[in-house]
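Analysis of the macromolecular model
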Amino acid sequence: MVTTHNLGFPRIGAKRELKFALEAYWKGQSSLPALKQVGKELRQGNWSLQSRLDLVPVGDFAFYDQVLDMSFTLGNLPARVQGFHGDQLDNYFRVARGRSAESAEEHAHCCGGVAAGEMTKWFDTNYHYIVPEFTAETQFKLDASRLLEQLAEAKAQNVKAKPVIVGPVTYLAIGKAKDDSNRLALLPQLLQVYTELLETLATQGVEWVQIDEPLLVTELDADWQHAFNLAYHQLKSSRVKLLVATYFGQLADNQYLAANLPVAGLHVDAINGRHEVLPLIGMLPAHKVLSIGVINGRNIWKTDLNATLDWLEPIAERLGDRLWIAPSCSLLHVPVDLDSEQKLAGKLDSEIKSWLAYAKQKLEELRILAVALNQGRAAVKDALASNHTAVETRRHSQRVHNPAVKAALEKLTPALGQRQNGYTQRAVKQAALLKLPKYPTTTIGSFPQTAEIRHARSQFKAGELDQAGYQVAMKAEIERSVREQEKLELDVLVHGEAERNDMVEYFGEQLNGYAFSQFGWVQSYGSRCVKPPILFGDISRPKAMTVDWIKYAQSLTSKPMKGMLTGPVTILNWSFVRDDQPRSVSCYQLALAIRQEVLDLEKAGINVIQIDEAALREGLPLRKSQWNEYLRWAVESFRITANGVADETQIHTHMCYSEFNDIISAIADMDADVITIETSRSDMELLDAFDNFNYPNEIGPGVYDIHSPNIPTQEHIVQLMQKAAERIPAERLWVNPDCGLKTRQWAEVLPALGNMVAAAKVLRANA
Ligand code: GLN
Ligand code: ZN
């Protein structure tokens with residue numbers, strides 16, 4: 001008999017109940033017991049939804065982040081939050097979110113303010129965890145209370161519980177040694193706490209524990225490989241059975257290591273590494289359980305159950321009771337319940353809905369697979385037949401396949417991504433046309449999304465404001481931001497993005513091949529969720545998407561107005577994408593569509609066009625050995641999008657992160673005339689990457705952090721730019737903020753940009 005289990009369930013709630021409960025509590029509008037009650041109900045609901053599984057995850061619920069939960073379980077709290085007098089959950093939020101000492105909250109004065117823990121991406125997902133902090137002095141101390149409480153609840157509900165914890169090696173690897181000490185030196189001490197934890201769980205009658213080690217799908221040097229052996233040799237004496245779970249990729253070189261860890265079971269991701277499964281079975285000690293992740297935990301498509309069975313049946317034959325099946329990874333990364341999508345309109349109609357599966361539906365798929373394996377396909381004949389129909393309609397749908405788009409893709413040549421002349425020649429022509437001063441000033445695109453803007457948009461969406469009324473409201477905002485920029489004496493203006501709800505959704509909504517859900521929310525961090533658009537078909541652009549707005553904005557001023565677009569790689573990386581073609585193909589399709597927009601903007605007389613690639617870095621594969629392949633098609637997609645313009649047209653791109661060293665040559669290959677980046681927090685040091693590489697084109701290093709309400713002083717900006725000029729010749733420098741200003745207030749933006757323009761004038765005078 002095959003065993004079914006799940007690695008983790010989304011905790012945010014089908015209607016984002018946890019988000020609203022957290023935010024109400026943080027605003028002081030509800031109590032701690034009320035918040036805890038919501039958590040309890042969510043866990044109960046999630047377990048009920050999973051009750052047909054043979055083993056149900058427990059401990060995957062977290063009020064903010066499962067890694068931070070693990071830090072509390074291990075007693076690894078940063079020194080700055082120790083000694084807090086209040087409730088432990090409040091302390092947990094202090095680490096997650098930070099607290100100012102002036103806040104009116106209880107204990108703000110006695111225990112003082114604290115800085116938030118650093119947050120970073122969980123492997124290659126868009127989920128962000130709170131980075132564990134270590135020093136050479138770190139002491140671990142078990143606090144199993146949270147897990148035990150959830151275990152008791154699960155027992156009371158008759159749940160076949162399988163506690164889920166982050167494994168010790170992954171836990172160390174994803175943390176940071178604040179004093180640059182070697183965090184592997186902490187492993188022996190850490191293992192004692194894990195040993196205690198497992199013993200505590202054994203005492204509770206737990207049979208299996210899932211111990212997550214996704215680190216095994218990354219490249220490991222000898223020290224980390226050794227850490228795995230050391231860790232699991234120590235934990236093997238535990239009375240519970242351990243299922244080491246790997247996911248998000250292939251084991252590759254770590255296959256032998258993973259197969260031979262002295263544990264009772266191994267989970268692998270057969271969505272990313274199907275071809276590894278058969279060799280792995282050959283390697284696996286004969287007593288070991290193999291859990292195969294056969295349902296994609298990273299996207300929203302229905303599984304082809306019949307095809308999966310064709311592949312799984314012989315494996316089940318071979319493994320017998322040793323076979324478990326599960327989703328490829330925790331379902332944290334998909335929305336909760338497709339049944340929530342009731343308002344089916346143009347965005348997500350019933351046909352597209354019939355192709356989708358969210359977390360709840362994925363578990364039903366798993367159940368069908370198990371029944372088919374255990375009792376034969378006939379026992380689930382109808383379910384398999386309807387799955388077949390859905391999968392086949394999608395496969396052959398004319399809404400998915402557009403011959404014109406495929407034909408255009410066939411004709412792609414590198415020439416399409418090639419500017420007419422090199423940067424040096426272009427720069428001369430652009431200077432003659434744009435007549436910009438030295439140290440030209442600009443902004444990154446968005447201006448404050450005011451209450452009026454949001455009100456107009458929600459009225460428009462609700463049908464209370466007609467198209468014409470909405471246009472008038474947005475044009476008024478555009479005019480306001482143009483007037484303000486003129487008063488500020490900025491050199492290259494933007495229209496302010498008033499009409500955009502989101503830099504990806506705005507384009508997705510206008511492209512064929514995209515659908516939008518109403519409840520497709522996925523947790524990004526804490527209470528923050530994103531609703532990635534669904535790229536389901538070949539991409540085409542029925543008509544211009546931004547030209548009218550930009551033309552209008554340009555008509556208000558004689559200064560150059562930047563066209564403002566989101567690049568293909570960013571649109572791709574922030575969407576749910578197709579599983580029936582490589583990511584690169586979807587990316588090239590997006591590139592061709594946005595290229596048309598670029599050319600239309602140019603035709604409309606727009607001389608400066610910015611194409612944001614905020615998420616280019618996010619798409620980097622987990623393994624460095626695969627970076628070149630990704631960067632090749634990502635950069636090529638950008639080039640196709642941007643480089644069809646005349647020499648005189650100035651192409652900008654923007655990236656808001658601060659690590660370029662390892663991708664600088666790819667960035668240079670994009671060949672944008674100007675790149676604006678986030679640098680203020682690194683004190684211009686990140687320009688070293690550009691300097692060392694002799695980056696040839698223009699750069700706008702951000703001079704102030706837009707995440708903070710603080711107003712940068714003119715002197716500080718001058719200083720930063722002088723540091724920049726030590727690295728990049730002044731003729732190739734721009735002056736701009738780190739990123740867009742949509743989350744700020746006008747009252748902050750005006751003085752900040754005022755100081756920025758004044759700083760540029762000082763720099764020019766001194767030049
Ligand atoms: N143009 C966008 C804006 O200004 C860029 C946002 C981003 O880089 N994340 O809002
Ligand atoms: Zn940005």
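Residues numbered from 1 in each chain as written. Chains lettered and ligands numbered in written order. Predicted model: local features only at pLDDT ≥ 70, side-chain atom pairs only at ≥ 80, totals over all residues. Heavy atoms only, no water.

Remarks on the environment of A672
Within the fold, A672 resides in the loop between helix 25 (664-670) and strand 20 (674-677). Each C-alpha atom, one on A672 and one on V277, is 43 Å from the other, the two residues being 395 residues apart in sequence. (Helix = DSSP H or I, 4+ residues; strand = E, 2+ residues; numbered from the N terminus.)

Details of the sheet that holds strand 18 (residues 608-612)
Here 5 strands make up an open sheet; going across it, the order is 17-18-19-20-21 and the pairing parallel. The open sheet is flanked by strand 17 (562-566) and strand 21 (698-701), the only strands paired with a single partner. Within the sheet, the average angular offset between the axes of one strand and its neighbour, ignoring direction, is 20 degrees. (Pairing = 2+ DSSP bridges. Axes fitted to C-alpha atoms, helices over the stretch in contact; angles between N-to-C directions.)

Some points on the domain arrangement of the protein chain
When cut into domains, the protein chain gives domain 1 (3-78 + 117-396) and domain 2 (416-449 + 485-501 + 550-766). Relative to domain 2, the C-alpha centre of domain 1 lies at a distance of 38 Å. Each side of the interface is counted separately: domain 1 has 20 residues, and domain 2 has 10 residues. Both faces considered, domain 1 and domain 2 share a buried interface measuring about 1,200 Å² in area, 51% of it formed by carbon and sulfur atoms. The largest contributions to the domain 1 side of the interface with domain 2 come from E219, W301 and R394, which together make up 36% of the buried area. At the junction of domain 1 and domain 2, the tally comes to 2 salt bridges. A salt bridge links K121 to E618; its shortest N-O distance comes to 3.8 Å. (Domains from an automatic or database assignment. Contact = heavy atoms within 4.5 Å. Buried area = accessible area lost by both parts, 1.4 Å probe. Salt bridge = Lys/Arg side-chain N within 4 Å of Asp/Glu carboxyl O.)

Side note on the pattern of salt bridges
Summed over the entire model, instances satisfying the criterion amount to 44 salt bridges. Between E452 and R480 there is a salt bridge, and its shortest N-O distance comes to 4.0 Å. Here R480 lies in helix 19 (residues 467-488) and E452 lies in helix 18 (residues 451-461), a separation of 28 residues in the sequence. A relative accessible area of 32% means that R480 is categorised as partly exposed. With its nearest N and O atoms 3.2 Å apart, the salt bridge here joins R632 to E629. One end of the pair is R632 and the other is E629, both in helix 24 (residues 627-642) and 3 residues apart, which spans about a single turn. (Buried < 20%, exposed > 50% of the residue type's maximum accessible area, 1.4 Å probe, protein only.)

As for the packing of aromatic side chains
Inspection of the entire model under this criterion finds 21 aromatic pairs. With 6.4 Å between their ring centres and 70 degrees between their planes, F134 and F140 make a pair best called edge-to-face. For F134, a relative accessible area of 1% translates into the label buried. Accessibility expressed as a relative area gives 8% for F140, which makes it buried. Aromatic pair F690 and Y695: ring centres 5.1 Å apart, planes at 80 degrees, arrangement edge-to-face. Y695 shares its class with F690; the two are buried. Three or more aromatic residues link up through ring pairs in this structure, and these residues are Y25, W26, Y64, F72, Y92 and F93. For R97, the ring lying beneath its charged end belongs to W26, and the centroid distance is 3.7 Å. Above the ring of Y552, the side-chain terminus of K475 is found at 4.8 Å from the ring centroid. (Phe/Tyr/Trp six-rings, centres within 6.5 Å; stacked < 30°, edge-to-face > 60°. Lys NZ or Arg CZ within 6 Å of the ring centre and 35° of its normal.)

Points about the confidence of the model for the protein chain
Averaged over all residues, the pLDDT of the protein chain equals 95, while 98% of them reach at least 70. Here the complex is predicted with pTM 0.95, and the ipTM for its interfaces comes to 0.99. (pLDDT = per-residue confidence, 0-100.)

A look at the sheet that holds strand 8 (residues 208-212)
The strand order across the open sheet formed by 8 strands is 1-12-11-10-9-8-6-2, and the pairing between neighbours is parallel. Each edge of the sheet is formed by a strand with only one pairing partner; in this case those strands are strand 1 (3-4) and strand 2 (56-58). Examined bridge by bridge, strand 1 and strand 12 (residues 323-327) share 2 bridges and lie parallel to one another. Looking at the pairing, T3 lines up with W324 of strand 12. Set on the sheet, helix 6 (residues 145-156) makes contact with strand 2 and strand 6 (161-166); between it and strand 6 the angle comes to about 160 degrees.

Some words on helix 14 (residues 359-375)
For helix 14, which comprises 17 residues, the first-to-last C-alpha distance of 24 Å matches the rise-based estimate of 24 Å (1.5 Å per residue) to within 8%. Counting buried residues along helix 14, 12 of its 17 residues qualify, which places the element largely inside the surrounding structure. Listing the buried residues of helix 14 in full gives A359, Q361, K362, L363, E365, L366, I368, L369, A370, V371, A372 and L373. Contacts made by the buried residues of helix 14 are with strand 1, strand 11 (289-295), helix 12 (305-319), strand 12 and helix 15 (381-396). Taken from the residues just after helix 14, G376 is the one with a positive phi, measuring 100 degrees. (Expected span 1.5 Å × (residues − 1).)

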